[in-house]
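One letter stands for each residue in the lines below.
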Amino acid sequence: MTKLKSFLLGAGCAAILGAFALPQAARAGEPTLNLFTWSDYIDPAMVKTFEKQCGCKVVETDYDSNSEMEAKLKAGADSQYDVVVPSSYYVARLVAEGLIQPLDHNAIPNFKNLATKFQDPTYDPGDKYSMPYQWGTTGIGYLKDQIKDPPHSWSLLFDPKVNPTYPFTLMSGSGQDTIGAACAYLGYGFACDTKAEWLAAAKLIQETRKRKNFAGFVDGLPERDQLKAKVNSAGMVFNGDVAASYADGSGKDIGFFLPKEGAEIWVDTMAIPAHAPNPKLGLEFINFILDAKEGAALSNYNAYSTPNAAAEPMLDPSLKTELVSPSAADFKLLHFLPPLAGAKLKLFNAIWTAAKQ
Amino acid sequence: MSTMVQSEARSRAWRLWLTSGPGLFWIILFLLLPSGIMLGIAFFTNSDFGSPVLPLSLSSFSQVAGFGILGWTSANFTVLIRSLLQAGIATTMTILLAYPLVFFIVSRPANLRPVLLLFAIVPSWTNQVVRTYAWMQLLNPFAPVSHLAQSLGLIPPHLGLMPGNFAVFIGLTYNYLPYMVVPLYAAVEKLDWTLVEAGRDLYASGPKLFFNAVFPQTVPGLLSGIILVGIPAFGDYVVPQLLGGDKAMMLGSLIASQFTFSPDWPYGAALTIIMLVFTCIGLVVFRRLTQRLGGGEGAML
Amino acid sequence: MSNIPRGIRRGLFGVSLPVYALLYLPLSVIAIFSFAPSLHHPGVNLAAYGELFNDATVLAALRRSITLAFGSAILGTALGTLMGFGLSRFRPAKGGGFWVGALPSLIIYTPIIMPSLVFGISELIFFNLVHEYTGLLSAGLLTMGIAHVTFQSPYVALVVYARLTGLDPNLFEASHDLYANPIKSFLYLTIPVVRPALIGGFLLAITLSIDDFTISFFTAGPGSVTLPIYIYSAIARKGSSPEINALGSLMIATVIGVALLYYFVTRRQQQRSRQIPAVA
C-alpha cells in the first residue's frame, strides 16, 4: 500500500504544482475588466493593447446570441461583467428588465468620433444606455459547391421544393431574426410585429422543423463555422463572419446573399450591466473602442462595418466589398428588428417557444 | 438501567451528528435547499422577461401539459415519451452488449480479468463531452459511415446520421455501457457454478440452461445496472444536446433552454418536477424489484 | 471459467471483440483526426498540438480544472469520510427511526440520484439568490467547488462506509478501551484502517470532478472556464476543429496512461503481498 500511496501523493503534488506553475490568469489585486461579448468579435491584440493602457487584466467570455447573453445576465451575471454587447433591438428590453445601467457620457469623450447617423438612435434615445460597437446584416449563408445558384430568397430555407435534400438550419437565439425571416418569406415584411403575422410565421417554422433535412436551430457564428466544416449546407449567418472567413481563406466555399423579400440590418452596442463590479473600467473600455485607430483595427479584424466616422480612413480596402458595405439597392431590403418589451415581448416569447417545440 | 441505555443512545446520536453532521448539512444547504427553491419557482407566474413573479399559479403546468399560444400541441408529450424511450432502448442495448462482454471476461484466466474489465471501463473515464464529440465526428454528414448509410438508402442523400434519434441512441449506449458492465461483472464473478452444473444435468440445452440456472443469479447486478444506466440516460443533457439538437430533443435540453436561451423559469421548474417524478418512479420500481428478487447490496447505506 | 463450453467461449470472444472495438473506435478517430492535414499544413501534422500548447486560454482552463479537482476532492473526501465513518459507527444497527435511520441515507443518496441538469440549475438559481441578497458566492471557481464537493462527498462516504462495515466491530471496542479518547481512537485506528478507502475515495472524487460537465456548466462564472466547458463551447460553436481533436486526444491519452499505471502499480503490489507470506 505504501508504494501506491507515495506514488499517488507524488502524482497529486506534481499536478498541483504544475497547475500553479502554468501562467496565472489574474494576479490578486489587479483590477479586472470582465468583458462579455460575441465570439470572435474583438482582436486579441486589441485586448492586449487595452490591458497595457488601463493597467488591468481583461477576462473575455463569449456568447453567440442575444438571448444567451440575456439569460446569463438574468441568472446573476449582471453583477459579474463590466461590458456586454447587445444588439440594438435588445437594448430597450435590457433597460426595462433593469439589467443595464445609464452611461456617464463625460467618461466617453470619443463619442464625438461616431458618425452622426449612429448618434441618438431610436432604440436608445440620447445614447443613454448604449454606445454603437459595429453594424452588419443577417442573410443566408450556403455551400456554393453543393447548392448551385440558389434563388436569392428565403425560399432556400422555407420552401421544400427549392431545397429538398441538403441539410439546413434556422437561427436560434431570441427568435426575432427567425420569425422575421419567416414573415418576410410569407410576404409580411422582415420587421413584422403583429400577433397574426407572428402566429403565421410560427406555423411556418413548425412545418419547416418537420422536414427531414432540417438540421436544427443554430446561431449565426456557429452556423458560419458549421458551413466551414460542411456539417450542413445552408443557414442564417452574419455578413462579417463570412467576410472574415474569406479573408483567412477558411470559408472559400461559403456563399452569402441578402434575400430579396427583406433581411436584417443591426447595430451591436456596448452597455454596462446594472451591478457591474467595475463600471469605471467598463466606461474606459467603451471609450477605447470608440477611438479612431482602435475602431479601424476592430473592423479590420472582425470584418464588420464601423459606426466610427473617424476610423473610416484607416479601414482595410478589402472591407469595401458589397458583402461588408451593402449597396444602396441592398439598403432598400434591409430592416431593423422592432425592439420588444412588456406584454408584447411576453407574447412574442410564447409564440417563439411554441414554434421551436 | 433504562436511563443508561437512553444516555448511551443519546451519546451515539450526538456523535453521529458530530461526524456525519457537517457533510449532511453541506448537502442540505447546497442541494436540498436549492432544489426546493427551484421546485417552488414552478408555482410562480412568468413575468414579461421570464422571471418568477407573484401571484402563485399553476399556469406553468398547463404549459407543460402542452397548452401554448398555438393551441394544444403534443410536443412536450413527444419529448417526454422520446426521453423515456431513448433511456429504455439505450438501457436494453447496454444489457445486450454487456452480457456477452462480462461472460467473456469471466471466461478468461483470473489474472487477465482485471485488465479486461479495466479496458471496458477506461473510455468512461474521459470526459463525457469528449466522448460525445467523438461520435459527432463519426456520424457527420461527410463521415464515411453516413456516406454508406446514404448509399444504402437508409437516410436521404446529403444528410448525416446526426443530428437525430439514432445518434442520441448511439451516444447514450456508448456513454453508459460501462455502468452496466461493472455491476453485471460483480454479479457474474460471484456466480455459483455448481448450480449451473446441476442445471446442465437437468436441462442440457444452452439457452434453457442460461435462463434457468445462470440468468436468475445475475438479476441483482442487472437491476443495479438498469438503475445506473436508465436513470442518468433519461435525464442526460450533453448527449441529446450535441447529437440530437432540435431534431431529437429530450427533456434535459427542453429544461435547460428555459434557463439558458428564452428564459421562462417557472416553466423550466415545472418541467424539472416532471423529470424528478419520473426519476423517482423508476428508482422506486427497480428498488422494489431488487428487494423482491433478493438482491443483497453488500454495503448499501 | 472452464465450465463454459468451448463453443460458447469462442462465441463470447467473437461478440466481445467488436464491443471492445466499438469502445475505442470513436476515441481513436479523434486521435487520427488530430493529425489530419489542414489548409495550411498538408500531410500528417502536429500543428494542432503546437497551437494548443501556446494557447493561454487552454492552459488557464487546464490549470482551473486541476485546481478545482484537487481543491474540491480534498474537502469532499474529508466530509465524505466523516459521514461514512459516523454512519457506520454511531448509527444503531437496526432501525433507529426516521431521523437517525432513514434520513441520513436519504440525504446522502440525493446528490447521486438527482439528474445533474436539475442539480446544476438548482445551484445556479440558489447561488444567484444568495449573491443578490448577501453579495457572497459570486459565480466562479468557488461556487463550482461547492457544487463539486456536494456530489463528491456522498460517493466518498459510500466507499468509506463499505470498507468499515466489512470490519470486525470488536476492533473499535478494543481501541475504545485502549485509548479512551475518541479523537485518538479516530486518528490511530480509524484513519489507518480506512486509508485504502480514503485514497480510493479521493481518486474517485477527482475523477468525478474532472468528468463533470453539466453541473460545472451551470455554476461557472466569467473567469472560471474549465477544460470541459471550454471544449463544450468550442464544439457547440464549430462542430469540429483540429485543436479540439488534439485536446481530446491528450485527455484520452492521459486517462489511458493513468489506467495502465494504476494497473501495473496494483499488480506489482499484489505480487509482492503474495510473496511476503511465502517468505515468512
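Residues numbered from 1 in each chain as written. Chains lettered and ligands numbered in written order. Predicted model: local features only at pLDDT ≥ 70, side-chain atom pairs only at ≥ 80, totals over all residues.

Chemist: What is the right way to look at the packing of helix 3 (residues 56-90) of chain C against helix 8 (residues 182-211) of chain C in this model?
Modeler: Residue and element names in this part refer to chain C. Two numbers describe how helix 3 lies on helix 8: the axes approach to 8 Å, and their chain directions differ by 140°. Here helix 3 is positioned oblique relative to helix 8, judged by the angle of their axes. Crossing hand, helix 3 versus helix 8: right-handed. Where helix 3 abuts helix 8, its residues Ser-65, Leu-68, Ala-69, Phe-70, Ser-72, Ala-73, Gly-76, Thr-77, Gly-80, Thr-81 and Phe-85 lie against Thr-190, Val-194, Leu-198, Gly-201, Phe-202, Ala-205, Ile-206, Ser-209 and Ile-210. Residue composition of the contact of helix 3 with helix 8, grouped by class: 11 nonpolar, 9 polar and no charged. (Axes fitted to C-alpha atoms, helices over the stretch in contact; angles between N-to-C directions. Helix = DSSP H or I, 4+ residues; strand = E, 2+ residues; numbered from the N terminus. Parallel < 35°, antiparallel > 145°, perpendicular 65-115°, else oblique. Left-handed = near helix turned anticlockwise from the far one by under 90°. Contact = placed C-beta atoms within 7 Å. Nonpolar A, V, L, I, M, F, W, Y, C, P; charged D, E, K, R; others polar.)

Chemist: In this structure, what is going on with the environment of Gln-226 of chain A? I would like to understand it.
Modeler: Its place among the elements puts Gln-226 of chain A in helix 8 (residues 220-228). For Gln-226 of chain A, a count of 24 C-beta atoms within 10 Å translates into the label buried. Not counting residues within four places of it along the chain, the set of residues in contact with Gln-226 of chain A comprises Val-218, Val-231 and Asn-232 of chain A together with Gly-239 of chain C. (Buried ≥ 20, exposed ≤ 12 C-beta atoms within 10 Å, placed from the backbone.)

Chemist: What is the right way to read the confidence of the model for chain A from this model?
Modeler: Any residue range with low pLDDT should be treated as having predicted coordinates unsuitable for detailed reading. Mean pLDDT for chain A: 89, with 92% of residues reaching 70 or above. Segment residues 17-27 of chain A is flagged for pLDDT under 50; beyond a separation of four residues in sequence, or across chains, it makes 15 contacts in the model. (pLDDT = per-residue confidence, 0-100.)

Chemist: Would you take a moment to explain the pairing of strand 5 (residues 131-143) of chain A for this structure?
Modeler: Successive side chains on a regular strand alternate, one facing one side of the sheet and the next facing the other. All names here are of chain A. Burial runs high along strand 5: 11 of the 13 residues are buried. As paired strands, strand 5 and strand 10 (residues 263-270) are joined by 7 bridges and run antiparallel to one another. Bridge pairing in strand 10 links Pro-132 to Thr-269. As paired strands, strand 5 and strand 8 (residues 234-238) are joined by 5 bridges and run antiparallel to one another. The partner of Thr-138 across the bridge, within strand 8, is Phe-238. In terms of strand pairing, strand 5 meets strand 9 (residues 254-257) through 4 bridges, oriented antiparallel. In the sheet register, Tyr-142 faces strand 9, and the bridge partner there is Gly-255. (Pairing = 2+ DSSP bridges.)

Chemist: What should I look at first to understand the domain arrangement of chain A in this one?
Modeler: A common way to express how large an interface is: the accessible area buried when the components associate. All names here are of chain A. For chain A, the domain assignment lists domain 1 (32-134 + 268-323) and domain 2 (136-265 + 336-356). When each unit is reduced to the centre of its C-alpha atoms, the spacing between domain 1 and domain 2 is 25 Å. Listed per partner, the contact involves 22 residues of domain 1 and 23 residues of domain 2. Among the secondary structure elements, those contributing two or more residues to the side of domain 1 that touches domain 2 are helix 3 (66-74) and helix 4 (88-96). Residues of the side of domain 1 that touches domain 2, tallied by class, amount to 9 nonpolar, 9 polar and 4 charged. (Domains from an automatic or database assignment.)

Chemist: Looking at this structure, how should I read the interface of chain B and chain A?
Modeler: Listed by partner, the interface residues are 27 residues for chain B and 33 residues for chain A. For the side of chain B that touches chain A, the elements supplying multiple residues, two or more each, are helix 3 (75-106) and helix 11 (251-260) of chain B. Here the residues of the side of chain B that touches chain A sort into 13 nonpolar, 10 polar and 4 charged.

Chemist: In this structure, what is going on with the nonpolar core? I would like to understand it.
Modeler: The nonpolar side chains of a soluble globular protein tend to be buried with one another. Core analysis: the biggest nonpolar cluster contains 200 residues, and Val-102, Val-181 and Leu-184 of chain B together with Val-160 and Ile-231 of chain C have the highest contact counts within it. The biggest single contributor to this core is helix 7 (residues 165-189) of chain B, with 16 residues. The contacts of Ile-231 of chain C, once residues within four sequence positions are left out, are Val-129 and Val-130 of chain B together with Ile-244 and Leu-247 of chain C. Core analysis: the second largest hydrophobic core is formed by 52 residues, Trp-154, Ala-215, Phe-238 and Leu-258 of chain A among them. (Core = buried A, V, L, I, M, F, W, Y, C linked by C-beta atoms within 7 Å.)

Chemist: Would you explain the pairing of strand 2 (residues 57-63) of chain A in this entry?
Modeler: All names here are of chain A. Sheet topology note: the strand 1 (residues 32-38)/strand 2 ladder contains 7 bridges and is parallel. Bridging from a neighbouring strand, Leu-33 pairs with Val-58 of strand 2. With respect to chirality, the unit in which strand 1 leads through helix 2 (residues 44-54) into the neighbouring parallel strand 2 is right-handed. (Right-handed = clockwise from strand over helix to strand, strands pointing away.)

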